[in-house]
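In case you want the letters, here they are:
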Amino acid sequence: MTGKTLYDKLWDAHVVRREDDDTALLYIDRHLVHEVTSPQAFEGLRLAGRQPWRTNTVLAVPDHNVPTTDRDRGIADPVSRIQVETLQDNVTSLGITFFPMSDVRQGIVHVIGPEQGATLPGMTVVCGDSHTSTHGAFGALSVGIGTSEVEHVLATQCLLQKKMKNMLVSVDGKVGPGVTAKDIVLAIIGEIGTAGGTGCAIEFGGEAIRDLSMEGRMTVCNMAIEAGARAGMVAVDQTTIDYVKDRPYAPRGEHWEQAVAAWRELKSDPDAKFDHVVHIDAAGIQPQVSWGTSPEMVAPIGGRVPDPALSGDAVKTRGMERALEYMGLQAGMPVTDIQVDKVFIGSCTNGRLEDIRAAAQVVKGRRVAENVKLAMVVPGSGLVKQQAEQEGLDKVFLEAGFEWRDPGCSMCLAMNADRLEPGERCASTSNRNFEGRQGLGGRTHLVSPAMAAAAAVAGHFVDVRDMN
Amino acid sequence: MEKFQRLTAKVAPLDRSNVDTDAIIPKQYLKSVKRTGFGPTLFDDWRYLDPGEPGMDHSQRRQNPDFVLNDPRYQGAQVLLARKNFGCGSSREHAVWALTDYGFRAVIAPSYADIFFSNSFKNGLLPLVLDEAIVDQLFNEVLAEPGYQLTVDLEAQTVETPSGERFSFQVDPFRRHCLLNGLDDIGLTLQHADDIRAYEQKRGAEAPWLFPA
Ligand code: SF4
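Scoring rules and cut-offs
Residues numbered from 1 in each chain as written. Chains lettered and ligands numbered in written order. Predicted model: local features only at pLDDT ≥ 70, side-chain atom pairs only at ≥ 80, totals over all residues. Heavy atoms only, no water. UniProt positions renumbered as here; feature names shortened; annotations may be inferred. Buried < 20%, exposed > 50% of the residue type's maximum accessible area, 1.4 Å probe, protein only. Contact = heavy atoms within 4.5 Å. Helix = DSSP H or I, 4+ residues; strand = E, 2+ residues; numbered from the N terminus. Salt bridge = Lys/Arg side-chain N within 4 Å of Asp/Glu carboxyl O.

Under an unreviewed UniProt entry, the name given to chain B is 3-isopropylmalate dehydratase small subunit, and the organism recorded is Ectothiorhodospira marina. Listed under Catalytic activity (unreviewed entry) in UniProt, the entry text for chain B is "(2R,3S)-3-isopropylmalate = (2S)-2-isopropylmalate". Here is the UniProt Pathway (unreviewed entry) comment for chain B, exactly as written: "Amino-acid biosynthesis; L-leucine biosynthesis; L-leucine from 3-methyl-2-oxobutanoate: step 2/4."

Looking up chain A in an unreviewed UniProt entry gives the name 3-isopropylmalate dehydratase large subunit, with the organism given as Ectothiorhodospira marina. Under the heading Function (unreviewed entry), UniProt records this for chain A: "Catalyzes the isomerization between 2-isopropylmalate and 3-isopropylmalate, via the formation of 2-isopropylmaleate." Database annotation for chain A, UniProt heading Subunit (unreviewed entry): "Heterodimer of LeuC and LeuD."

Undergrad: Looking at this model, I keep getting lost on the UniProt feature "binding site: [4Fe-4S] cluster" (unreviewed entry) in chain A. Mind explaining?
TA: All names here are of chain A. Mapped onto this structure's residue numbering, the UniProt feature "binding site: [4Fe-4S] cluster" (unreviewed entry) falls at Cys348, Cys409 and Cys412. These annotated residues cover 65 residues of sequence, but their C-alpha atoms sit close together, with the largest distance between any two at 8.7 Å. On the basis of relative accessible area, Cys348 is assigned to the buried category, the value being 7%. Once residues lying within four places of it in the same chain are set aside, the contact partners of Cys348 are Ile108, His110, Val111, His131, Asn222 and Asn431. As for its placement among the helices and strands, Cys409 is situated in the loop between strand S17 (403-404) and strand S18 (425-428).

Undergrad: Please explain the pattern of salt bridges as it appears in this structure.
TA: On inspection of all chains with the given rule, the structure shows 42 salt bridges over all chains. Here A:Asp77 and B:Lys31 are joined by a salt bridge, their closest N and O atoms 2.6 Å apart. Taken as a pair, A:Asp77 in the loop between strand S4 (58-60) and helix H3 (78-94) and B:Lys31 in the loop between helix H1 (21-24) and helix H2 (44-47) lie in two separate chains rather than in one. In this structure, B:Asp172 engages A:Lys162 in a salt bridge whose closest nitrogen and oxygen atoms are separated by 2.7 Å.

This is the structure we're talking about:
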C-alpha cells in the first residue's frame, strides 16, 4: 500500500459516511462564525425549526464591519450595526461562545482561532470565509464555506465534501534575508496562477516553509485560496506544537500528551503520492509587489511592470491591459517608480504580532513620507494589539506618523469606514487586489509588512533590503 | 430549493476571465441579513457609472451603456456565458444570490472557483463546464446573432444551440440528483444522524481532546 498525504490522513479521520466514490460526509471539529456570512444561515435554521448539533464547537466574533476607531461610541453605520447585533442575538440565544467588540479577545476570525488554541492540529475547521485556509498552517483541514454550508454544519456538524486532489508546493532551500512568508506566497501565486490550485488541497513543504514561524505559515496558507485552492496546509512539527501549548482552548494534562502523540503523525508519508508537484527555488524569491488586479499579477521589487503585448495569449493580454488601465500604470515602468497614497498594515494575512514587529523595525526612527496621506496599522486582534503596545510598537508607529487602530478587517475589504477613494493607490499587506476591493476605484498593491512600511517611509515602493 | 431540469433562454456574454466575487457583488451589499434583493446590484461597479450604496433606488442610477447586461439585446437572459475561473475570490454566497435574483439559472464557463461552484448548486444555479474551444464558439455565436438562445438540459446533460448542435457536459451525480429534484441537503444529511452519532462515539474515544465536556 502506498503512503498517505497529510490531506489523505485528515480526510480519512473525518469521514462519517461515503455518499459515492469521492463525496463524503465529513465531520467538522471547529466552526468559526462571523457576522457577514452567518445571518441567513441562522435564519434558515429557525425557519426549518432546527437546532444546532453541537454548539461548543462554534466560536463567533464580529470582524468585517467593526470600526477601528472610537469603539466605545459603537458602530455609526446603521446597516453594519444591525449585522453585528444580529450575530450577537443569534449566537447568544443558542449559548455559542462569542467575543464582542469590547472583549480584548475580539479580532479577525482567522487570527483569533489560532491565538485562542481553538484551531488545533488534526482538526477539520470551517468558516463562512474563504481565508479559512489559514488554519491549515496547523496541520488541520480547513476550508472556507458558503452560507448554505454554514447552515448545514450548524445543523448536522458535517459538511458534504468532494475529495480534492493532492498538490505539493515545495519551496526548496532557504530564502535570502529580508524575504518573508508573504513574498514566498506571492511568488508561488505568480508562478502557478490564481487557478493553479483549483480542485486541490495544497500542502506547502520544503525547507523554506519549515523554517517559517507559525505566523509565517499562516500567511502562506491564508493565500492558498488566491492560488485557487480551497485548502492549504503545512505538516505538524515542533514549531506547531510549541505554538499551541498552553493556549486557552488547547488540551491540557493527560489529553495534551495524548494529543501531541497523535499530532506528530500529521505529515505526509515519505512514499505518499501527489497528483501535482511544484518546486520553487527559495533563493530566487525577491520581495514581491503586485501590479495588477489579480494576485497572480506580481513582480519582484527589482523588476518592471510587464508588457501585456508579450503575454502570448489574447485573453490574457486583454486582462493585463484592463488591469494596467484600472491601476493607472505603464507597461515597462520600474516597480520602484510606483508612488503610494495610503499604506495599510493588517488583515488576516499579515495582522499578527510578527508582522507588526517586522513593520515597526523598518519604521523605527523614520517618518511617513509627505505624499502619503494615510498610513495605518490595524492589529489582527485585541491581544495582538495589547502585546504590541507592551513592546512599545504603537509608539514607534505613532512617532513616525502612522495611525494605530483597533482590531478588525478594516481596509482589507473596506466594509467599515476605512477605505480608498477612487484612484488612490495603496501599499497593502492584505490578500486581494481585485478592482474596488479596498474602495470603489481604489488601487491595491499587495506586499509584505516590511515592504509596506518601507513604502510608507519612501512614498513609493522600494526594496526594504536596501534600507537597513 | 428551486428545481433545475430543462431551460431554453437567452444568453448574456460576459467576456472576462477571473471574474471575482467582489465584482459579482461588491462588499457594501454584504451587510444585508437577507438572502434576497441582490439582483439590482449584481456586477454593481461595472453596471453603473455612479457609486452604489445599500438602500438606494438602483433604478434611478446612471447605467454604464458599455456593460453587457445593460445592452437591450441581452435583456431577460437567464444563461450567463463567461471565461475561465469564474467566481474566484471570497466565499460570499451573496454572489450566487445576486445572479439568481437577477434571473440567471445557469452559467457556462470553462472553469470555476471551487467555493462558488459548490454554492451555486445549493441555490438552484447550474454552473456548467464546457471546453474552452466550445465556449469560444458560443461567444462568437451569441455576439453574431441577436436573440440567441441555448437549451440546457440537466437530465440529458446537454447544451443545444439554435442550429441544433449539441454539447454534452459532466456533472457530479449527487449534485445533479439534488438539483433535478430541488432537494435540501440538510434534510438528506439528517437522515444519517445515527451515523454521525456513531462517528462521534468512536472519534471521542480516540481523540477525547476534541470532545471537551
Ligand atoms: S482580513 Fe480581509 S481577507 Fe481576512 S477575513 Fe477579514 S476581510 Fe477577509
